[in-house]
Amino acid sequence: MPFFDPERAPSGALHAAATERNREPILEVLRRVLPAEGLVLEIASGTGQHVAYFARALPALKWQPSDPSAPHRDSIRAWVRAAAVENVAEPVALDVESWPWPVPRADAILNINMIHIAPWSAAVALFQGASHVLPAGGALFLYGPFKRGGAHTAESNQRFDERLRGEDPRWGVRDLEEVAAVAAQSGFEAPEIVAMPANNLSLIFRLRVRSPLPSAGEG
């Protein structure tokens with residue numbers, strides 16, 4: 001498909017080269033863990049390359065992209081237009097730490113490469129918000145690099161972590177056990193862990209019991 005050529009991007013779109021490398025392995029997991037139909041909320045959609053690709057591959061699902069960045073939302077629109085898919089909603093501005101979220105219900109949530117490029121409070125807010133938005137049994141899918149037992153799983157991940165922390169001390173590759181503990185506090189089961197290329201992991205968290213919606217201003 002020409003609009004996914006690594007050397008090209010649609011007019012008005014941003015391009016992340018890693019998306020072409022990881023989209024197929026991620027899609028393989030999503031085919032298995034997402035519901036057959038319903039609404040998938042993608043949090044931190046970034047360039048929009050993923051949601052456009054997944055929407056074409058999984059047309060029975062409705063996709064709701066989101067990103068707090070206006071330039072990213074413009075890029076999402078450009079990729080969706082280029083993909084010529086009709087099952088993707090208009091991207092919304094969503095900051096996981098600002099409640100209420102603009103999407104009050106979703107059958108599944110997708111979050112790729114966010115929690116290591118954000119303060120730890122964003123990871124906590126992601127699980128708290130997802131516990132109000134997902135149904136019981138709903139999946140929250142995370143993808144990215146993770147430490148295990150406090151240690152990096154590859155030298156490349158350690159270098160990446162050092163670079164992230166050099167850019168912003170609040171960022172960094174997260175420890176899988178700490179992420180799972182925060183998830184448990186918000187009512188999620190222990191994650192299914194899927195090894196991915198380039199020393200990344202897919203984590204699939206299932207919500208045990210849906211939390212009641214808090215009022216505006218509550219976290």
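Fair warning: this is a prediction, and the values are worked out from it, not measured in the lab.

Trainee: With reference to specific residues and values, describe the overall build of the protein chain.
Mentor: Per the secondary structure count, the protein chain includes six helices and eight strands. Start at the N end of the protein chain and walk to the C end: the helices and strands fall as α-β-α-β-α-β-α-β-β-α-β-α-β-β. Compactness check: the protein chain gives a C-alpha radius of gyration of 16 Å against a globular reference of 17 Å for 219 residues, within 12% of the reference. With the C-alpha coordinates aligned to their principal axes, the bounding extent of the protein chain is approximately 40 × 40 × 30 Å. Expressed as a percentage of the 219 residues in the protein chain, the buried residues total 53%. By sequence separation, contacts in the protein chain at least 24 residues apart represent 75% of the contacts at least 6 residues apart. Accessible surface, the protein chain as shown: approximately 9900 Å² in total, 52% of it carbon and sulfur. Averaging the locations of the 21 positively and 25 negatively charged side chains of the protein chain gives two centres separated by 2 Å.

Trainee: How would you explain the pattern of salt bridges if you had to name every residue and give the values?
Mentor: A full pass over the atoms with the stated rule returns seven salt bridges. In this structure, the salt-bridge partner of Glu 155 is Arg 159, at a minimum N-O distance of 3.5 Å. Highlighted residues: Glu 155 and Arg 159, both in helix α5 (residues 155–167), separated by four residues, approximately one helical turn. With relative accessibility at 49%, the residue Arg 159 sits in the partly exposed group.

Trainee: Report on the sheet that holds strand β2 (residues 61–65), specifying residues and quantitative values.
Mentor: With respect to topology, six strands assemble into an open sheet ordered β2-β1-β3-β4-β8-β7, the strand pairing being mixed. Looking at strand neighbours, the two that pair on one side only are β2 and β7 (192–196), the edges of this open sheet. Adjacent strand axes in the sheet meet at a mean angle of 20° when their direction is disregarded. Across five bridges, strand β1 (residues 38–43) lies against β2 in parallel orientation. Bridge pairing links Gly 38 to Leu 61 in β2.

Trainee: Hey, could you go over the packing of helix α1 (residues 17–33) against helix α2 (residues 49–57) for me, with residue numbers and the actual values?
Mentor: Two elements in contact, α1 and α2, have axes separated by 10 Å at closest approach and are oriented at 45°. Considering the angle they form, α1 stands oblique to α2. In this structure, α1 meets α2 at a crossing whose hand is right-handed. The segment α1 lies against α2, with Thr 19, Glu 20, Asn 22, Arg 23, Glu 24, Ile 26, Leu 27, Leu 30 and Arg 31 engaging Gln 49, His 50, Tyr 53, Phe 54 and Ala 57.

The rules behind each value
- Residues numbered from 1 in each chain as written.
- Predicted model: local features only at pLDDT ≥ 70, side-chain atom pairs only at ≥ 80, totals over all residues.
- Heavy atoms only, no water.
- Helix = DSSP H or I, 4+ residues; strand = E, 2+ residues; numbered from the N terminus.
- Rg over C-alpha atoms; globule rule 2.2 N^0.38 Å.
- Buried < 20%, exposed > 50% of the residue type's maximum accessible area, 1.4 Å probe, protein only.
- Contact = heavy atoms within 4.5 Å.
- Areas by Shrake-Rupley, 256 points an atom, 1.4 Å probe, with all protein chains shown as cover.
- Lys, Arg positive; Asp, Glu negative; His and termini not counted.
- Charge placed at Lys NZ, Arg CZ, Asp CG, Glu CD.
- Salt bridge = Lys/Arg side-chain N within 4 Å of Asp/Glu carboxyl O.
- Pairing = 2+ DSSP bridges.
- Axes fitted to C-alpha atoms, helices over the stretch in contact; angles between N-to-C directions.
- Parallel < 35°, antiparallel > 145°, perpendicular 65-115°, else oblique.
- Left-handed = near helix turned anticlockwise from the far one by under 90°.

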